[in-house]
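# Results of the structural survey
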Amino acid sequence: MVIFDQDQDENDVKSSTKTYCDQISKAGATLGDVDHWGKRKFAYPINKKNEGYYVVVQAKAEPDVMTELSRQLGLDTDVVRHMVLRIPESQYKA
């Protein structure tokens, strides 16, 4: 899950999401669902912002690929928060 800054245009969010998806695909990951939730309110302010664009991406990849993705998301100034989770194989949607 990635939360992009509320000041981003929705097209920029989709473009950034595609860039990250392409990056992990080139590293050998299999992409599943990419779910754009749109702009949502936060439960509490984060970096003096009250909203953000939520995107959920499912991918099947080696741990080092996801570690690198997490590192790059942490460096991106347009990303407010991100979380990489391991889900059970039975819940993966390809």
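These numbers were taken from a predicted model, which means no experiment stands behind them.

A word on the pattern of salt bridges. With the rule as written, the count across this model stands at five salt bridges. Across the salt bridge formed by Lys49 and Asp5, the nearest N and O atoms sit 3.6 Å from each other. In this pair, Lys49 sits in strand β3 (residues 49–60) while Asp5 sits in strand β1 (residues 2–5), placing the two residues 44 residues apart along the sequence. For Asp5, a relative accessible area of 14% corresponds to the buried category. Salt bridges here are not isolated pairs; linked through shared partners, they connect Asp5, Asp7 and Lys49.

This paragraph deals with the packing of aromatic side chains. Aromatic ring pairs are defined here through the distance separating the ring centres and the angle between the ring planes. Counted by the stated rule, this structure contains two aromatic pairs. Relative to Tyr54, the ring of Trp37 has its centre 6.1 Å away and its plane inclined at 15°; by these criteria the two rings are stacked. Linking Trp37 in strand β2 (residues 30–46) with Tyr54 in strand β3, this pair joins segments that are 17 residues apart in sequence. Take Tyr54: its relative accessible area is 14%, and that puts it in the buried class. By way of ring pairs, the aromatic residues Trp37, Phe42 and Tyr54 are connected into one cluster.

Let us look at helix α1 (residues 10–26). Its 17 residues give α1 an end-to-end C-alpha distance of 24 Å, which sits within 8% of 24 Å, the value for a rise of 1.5 Å per residue. For α1, the full list of buried residues reads Val13, Ser16, Thr17, Tyr20, Cys21 and Ile24. Down the axis of α1, the buried set is contained in an arc of 135°. They therefore lie on one face. Exposed residues on α1 whose side chains face more than 90 degrees from its buried face are Asn11, Lys18 and Lys26. Here the buried face of α1 lies against β1, β2, β3 and α2 (63–75). Of the residues one or two after α1, Gly28 is the one with positive phi, at around 105°.

With that out of the way, let us pick up the nonpolar core. If you look at the biggest cluster of nonpolar residues, it comprises 13 residues, and the most contacted ones within it are Val2, Phe4, Val13, Ile24, Leu69, Leu73 and Val79. Contact partners of Val2, with chain neighbours within four places excluded, come to Tyr53, Tyr54, Val55, Leu73, Val79, Arg81 and His82. Formed by five residues, the second largest nonpolar core is a distinct cluster that contains Ile3, Phe42, Tyr54 and Val80.

A separate point is α2. With 13 residues, α2 should cover 18 Å at 1.5 Å per step; its first-to-last C-alpha distance of 19 Å lies within 8% of that length. Along α2, the positions that sit buried rather than exposed are Val65, Met66, Leu69 and Leu73. Relative to the axis of α2, the buried residues are bounded by an arc of 90° and lie together on one face. The exposed set on the far side of α2, more than 90 degrees from its buried face, consists of Pro63, Asp64, Thr67, Gly74 and Leu75. As for α2, its buried residues are in contact with β1, α1 and β4 (79–82).

Parameters and conventions
Residues numbered from 1 in each chain as written. Predicted model: local features only at pLDDT ≥ 70, side-chain atom pairs only at ≥ 80, totals over all residues. Heavy atoms only, no water. Salt bridge = Lys/Arg side-chain N within 4 Å of Asp/Glu carboxyl O. Helix = DSSP H or I, 4+ residues; strand = E, 2+ residues; numbered from the N terminus. Buried < 20%, exposed > 50% of the residue type's maximum accessible area, 1.4 Å probe, protein only. Phe/Tyr/Trp six-rings, centres within 6.5 Å; stacked < 30°, edge-to-face > 60°. Expected span 1.5 Å × (residues − 1). Arc of directions from axis to C-beta. Contact = heavy atoms within 4.5 Å. Core = buried A, V, L, I, M, F, W, Y, C linked by side-chain atoms within 4.5 Å.

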